[in-house]
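Take a look at the letters that make up each chain.
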Amino acid sequence: MILACIKESRPSQWIKNVLVFAAPAALGVLDEWSSLGKTLIVFAAFCMVASGTYYWNDIMDVEQDRQHPKKRNRPIASGAVPLSAARIIGSALLISGPVLGYTVRPAAGGIIALYAGLTIGYSTWWKHIPLLDLALVASGFVLRAMVGAAATQTPMSMWFVLCITFGSFFIVTGKRFAELLELGDQAAVTRTSLKAYSIVYLRQLLVVSCTATVVTYCMWAFENSTNSGEAFPFHSLSIIPMVLALLRYLMVLENGGGGAPEEVFIRDRSLQLYGLMWVIVYGLAVYIA
């Protein structure tokens, strides 16, 4: 049962929590041990509370998951993790995450607790409300970025926040688009809110959110370039791999992928290449320019 409990924690999903490093990395403070240590702690705290929400989400959705061709193999849906044990483990993780974050800074603990509350509310009630379900899932990514900033007392640019917000909405919309494309008329059986969406509508949301992400990232890059007084436009050049990554993800979605974004990022070599290019160029902008 131990292996099943670990699987239910979904370690593969922890890649999303890398966003806690975004704000301190953007301002180049991760080369300071105190900042790096605090960020690592809140990363661990966010992984704990995120795993707790996965437990409770699957507890709430156990009957629906058993009707899904893939989700029925999840540990709780399959019975590998009993519901009684799942409730205890999930609750322990939900409580421990904010407490650990609080030891770094009260604000960090508060943000992690807010994430837990919103996610439980989503799993219980709000996931059935069209558009609100997309906004709430996207807000989880924004809170990840905020907790890293709070832990290290790193200021967040308005354009940075907007870019994370629209980028998150783009990823979440892409996930719903892929689910609807894959399951068709059966999609609403496993996710009620999908009754209100159509492929055409979600495609329009993808275009709007992708465009907004590009525009706000450009504004953030230009703002950083001006503030740093860099001699070579590394910040501006980082726009190129960012746009290529977004367009590549759109291509994956149109080809029927994207139902599990984290798996796409792990397996897609083109996305990995563009991500590496971005890290190198932006790293040069922060630490050399």
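Everything below is about the structure shown above.
Residues numbered from 1 in each chain as written. Predicted model: local features only at pLDDT ≥ 70, side-chain atom pairs only at ≥ 80, totals over all residues. Heavy atoms only, no water.

Re the overall build of the protein chain
Phase 1 of the analysis: Secondary structure summary: the protein chain contains 15 helices and 0 strands in total.
Phase 2 of the analysis: Relative to its length of 289 residues, the protein chain is compact, with a C-alpha radius of gyration of 19 Å against a globular reference of 19 Å.
Phase 3 of the analysis: Every one of the 289 residues in the protein chain was classed for burial, and the buried ones make up 48%.
Phase 4 of the analysis: Taking as baseline every contact in the protein chain between residues at least 6 positions apart, the subset at least 24 positions apart corresponds to 73%.
Phase 5 of the analysis: Entry remark: accessible area of the protein chain is about 13,500 Å², with carbon and sulfur atoms responsible for 69%.
Phase 6 of the analysis: Here the protein chain contributes 21 positive and 17 negative side-chain charges, whose respective centroids are spaced 6 Å apart. (Helix = DSSP H or I, 4+ residues; strand = E, 2+ residues; numbered from the N terminus. Rg over C-alpha atoms; globule rule 2.2 N^0.38 Å. Buried < 20%, exposed > 50% of the residue type's maximum accessible area, 1.4 Å probe, protein only. Contact = heavy atoms within 4.5 Å. Areas by Shrake-Rupley, 256 points an atom, 1.4 Å probe, with all protein chains shown as cover. Lys, Arg positive; Asp, Glu negative; His and termini not counted. Charge placed at Lys NZ, Arg CZ, Asp CG, Glu CD.)

Regarding unusual backbone geometry
Phase 1 of the analysis: Even without being a glycine, Leu131 presents a positive backbone phi close to 70°.
Phase 2 of the analysis: Mapped onto the secondary structure, Leu131 falls in the loop between helix H7 (106-124) and helix H8 (132-152).
Phase 3 of the analysis: Even without a glycine there, the phi angle at Gln153 is positive, about 55°.
Phase 4 of the analysis: With respect to the element layout, Gln153 can be found in the loop between H8 and helix H9 (158-183).
Phase 5 of the analysis: With a relative accessible area of 57%, Gln153 lands in the exposed category.

Some words on a nonpolar patch on the surface
Phase 1 of the analysis: Residues Phe232, Leu237, Ile240, Leu244, Leu273 and Met277 make up a contiguous nonpolar surface patch of roughly 490 Å² in combined accessible area.
Phase 2 of the analysis: At the level of elements, helix H13 (239-254) and helix H15 (269-287) are the ones that each hand at least two residues to the nonpolar patch.
Phase 3 of the analysis: Mapped onto the elements, Leu244 comes out in helix H13. (Patch = residues over 30% accessible without salt bridge, like charges linked within 9 Å, V, L, I, M, F, W, Y side chains within 5 Å. Salt bridge = Lys/Arg side-chain N within 4 Å of Asp/Glu carboxyl O.)

Re the packing of helix H3 (residues 33-60) against H8
Phase 1 of the analysis: The interhelical angle for the contact between H3 and H8, taken along N-to-C directions, is 150°, at an axis separation of 9 Å. Judged by the inter-axis angle, H3 sits roughly antiparallel to H8. Seen along the crossing, H3 lies across H8 with a hand that is right-handed. Facing H3, whose interface residues are Ser35, Lys38, Thr39, Val42, Phe46, Ala50 and Tyr54, H8 presents Gly140, Leu143, Arg144, Val147, Ala151 and Thr152.
Phase 2 of the analysis: Among the residues forming the contact of H3 with H8, the class breakdown is 7 nonpolar, 4 polar and 2 charged. (Axes fitted to C-alpha atoms, helices over the stretch in contact; angles between N-to-C directions. Parallel < 35°, antiparallel > 145°, perpendicular 65-115°, else oblique. Left-handed = near helix turned anticlockwise from the far one by under 90°. Nonpolar A, V, L, I, M, F, W, Y, C, P; charged D, E, K, R; others polar.)

Observations concerning the packing of helix H6 (residues 83-104) against H7
Pairs of packed helices are described in terms of their axes, by the angle between the two and the distance that separates them.
Phase 1 of the analysis: The interhelical angle for the contact between H6 and H7, taken along N-to-C directions, is 160°, at an axis separation of 6 Å. Overall, the two elements H6 and H7 adopt an arrangement that is roughly antiparallel. As H6 packs across H7, the resulting crossing turns out to be right-handed. Note on element contacts: H7 touches H6 through Pro106, Ala108, Gly109, Ile112, Ala113, Ala116 and Ile120, opposite Leu94, Gly97, Pro98, Gly101 and Tyr102.

A word on the packing of aromatic side chains
Two numbers describe a pair of aromatic rings. These are the distance of the centres and the angle of the planes.
Phase 1 of the analysis: Scanning the entire structure with this criterion turns up 11 aromatic pairs.
Phase 2 of the analysis: Relative to Phe234, the ring of Phe232 lies with its centre 4.8 Å away and its plane at 55°, an arrangement referred to as tilted.
Phase 3 of the analysis: When its relative accessible area of 17% is taken as the criterion, Phe234 is described as buried.
Phase 4 of the analysis: Taken together, a centroid distance of 5.6 Å and an interplanar angle of 35° make the contact between Tyr249 and Phe265 tilted. Linking Tyr249 in helix H13 with Phe265 in helix H14 (residues 261-267), this pair joins segments that are 16 residues apart in sequence. (Phe/Tyr/Trp six-rings, centres within 6.5 Å; stacked < 30°, edge-to-face > 60°.)

Structural notes on the environment of Asn255
Phase 1 of the analysis: Mapped onto the fold, Asn255 is located in the loop between H13 and H14.
Phase 2 of the analysis: Distance from Asn255 to Leu40, taken between C-alpha atoms, is 36 Å for residues 215 residues apart in sequence.

Considerations on the state of the cysteines
Phase 1 of the analysis: The full count for this structure, using the stated rule, is 0 disulfides.
Phase 2 of the analysis: For the unlinked cysteine Cys163, the closest cysteine sulfur is that of Cys218, found at 8.9 Å.
Phase 3 of the analysis: A relative accessible area of 10% places Cys163 in the buried class. (Disulfide = S-S within 2.5 Å.)

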